[in-house]
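For reference, the chains in residue letters:
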Amino acid sequence: MTALFYIAAVVAVIATVLVVTRSNLVHALLYLVVSLFAVAVVFYTLGAPFVAALEVIVYAGAIMMLFLFAVMLLDVRAEAPLRVPRRAWLGPLVLVAVLVVELIYALTLNDSSLRGVEVGPQQVSASLFGPYVLGVELASMLLLAALIGARHVAGQPDDGGGEADHGGGPADDASDQEAGA
Amino acid sequence: MASVPYSYGLLLAAVLFGIGFAGLLVRRNLIVVLACIEIMLNAAGLAFVVAGARWGRPDGQVMFLFVLAMAAAEVAVGLAIAIRFRQTLRSLDVDDADEMRG
């Protein structure tokens, strides 16, 4: 498992350097996904499979999807073409192939003695909803605040966004109720 | 049991944080700046998980979950600011936002 850690660490560093150095925005985001995957493999080798899964689901899934939506909404085609040329896929593909081979090796081996002290999802959940339950509540409030803040900042182009919302709100509610009925 | 020396995990976290910080200082595209902040938060979370694995306790992973929630909140607000930035300044260059320069 130590070799797996070192290979994943090298992949993470290479991918992160490429995130910073690519001039093309879409290429940089591609390498960012690879970097997050590599860190997920590092988590797995450190005996934290739950966090490794969350890294893939939340970081590489949800947060990168947010970046993708922002790139689409911002219409950055003038600076960086959204269609990625085939040659640009080569670097991320090679790095991800290394990670996939590593993961397949680790999963087929399935020797828990090779791993460090594994702290599974059960212990994490017991701790999360035991002594840290106040933190969970605070995180939920933070996420709600971020949701409202993002809606307020990016909602309407004009400053009279509040009034425009009141105008559009009831109509939207009515159409939703009709759709529900 | 040949497990990884935990100082190497912390070293990896430090290297990733340094790369993210260098990118934050060097790059001028707002989206890439946000991506660099993500890299730095991820490196901080990695340090938490390494420390948790060192003692075999779940606390490090719990802290990583909180870092994850904070990163999601940060990137949502940051990208909303990026959209508004683009609408008002017609660019994504952070150096264009110099109206408050004294």
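Residues numbered from 1 in each chain as written. Chains lettered and ligands numbered in written order. Predicted model: local features only at pLDDT ≥ 70, side-chain atom pairs only at ≥ 80, totals over all residues.

1. Here's the deal with the nonpolar core
Core analysis: the biggest nonpolar cluster contains 80 residues, and Ala 38 and Val 42 of chain A together with Ala 35 of chain B have the highest contact counts within it. Looking at this core, the elements with two or more residues in it are helix H1 (2–21), helix H2 (25–45), helix H3 (49–74), helix H4 (90–109) and helix H6 (133–154) of chain A together with helix H1 (6–26), helix H2 (30–55) and helix H3 (59–89) of chain B. If you tally residues by element for this core, the top one is H2 of chain A, at 18 residues. What Val 42 of chain A contacts, discounting residues up to four positions off in sequence, is Phe 5, Ala 8, Ala 9 and Ala 12 of chain A together with Leu 12 and Leu 46 of chain B. (Core = buried A, V, L, I, M, F, W, Y, C linked by C-beta atoms within 7 Å. Buried ≥ 20, exposed ≤ 12 C-beta atoms within 10 Å, placed from the backbone. Helix = DSSP H or I, 4+ residues; strand = E, 2+ residues; numbered from the N terminus. Contact = placed C-beta atoms within 7 Å.)

2. Looking at H2 of chain A
Helix length check: H2 of chain A (21 residues) gives 31 Å between terminal C-alpha atoms against 30 Å at 1.5 Å per residue, within 8%. Of all 21 residues that make up H2 of chain A, 21 are buried, and the element is covered over most of its length. (Expected span 1.5 Å × (residues − 1).)

3. Describing the environment of Cys 36 of chain B
Here Cys 36 of chain B lies in helix H2. Taking the C-beta count within 10 Å as the criterion, Cys 36 of chain B has 25 such neighbours and is therefore assigned buried. A sequence separation of 15 residues divides Cys 36 of chain B from Phe 21 of chain B, and the C-alpha atoms of the two residues are 6.9 Å apart. Setting aside residues up to four positions removed in sequence, Cys 36 of chain B forms contacts with Val 20 of chain A together with Gly 20, Gly 23, Leu 24 and Arg 27 of chain B.

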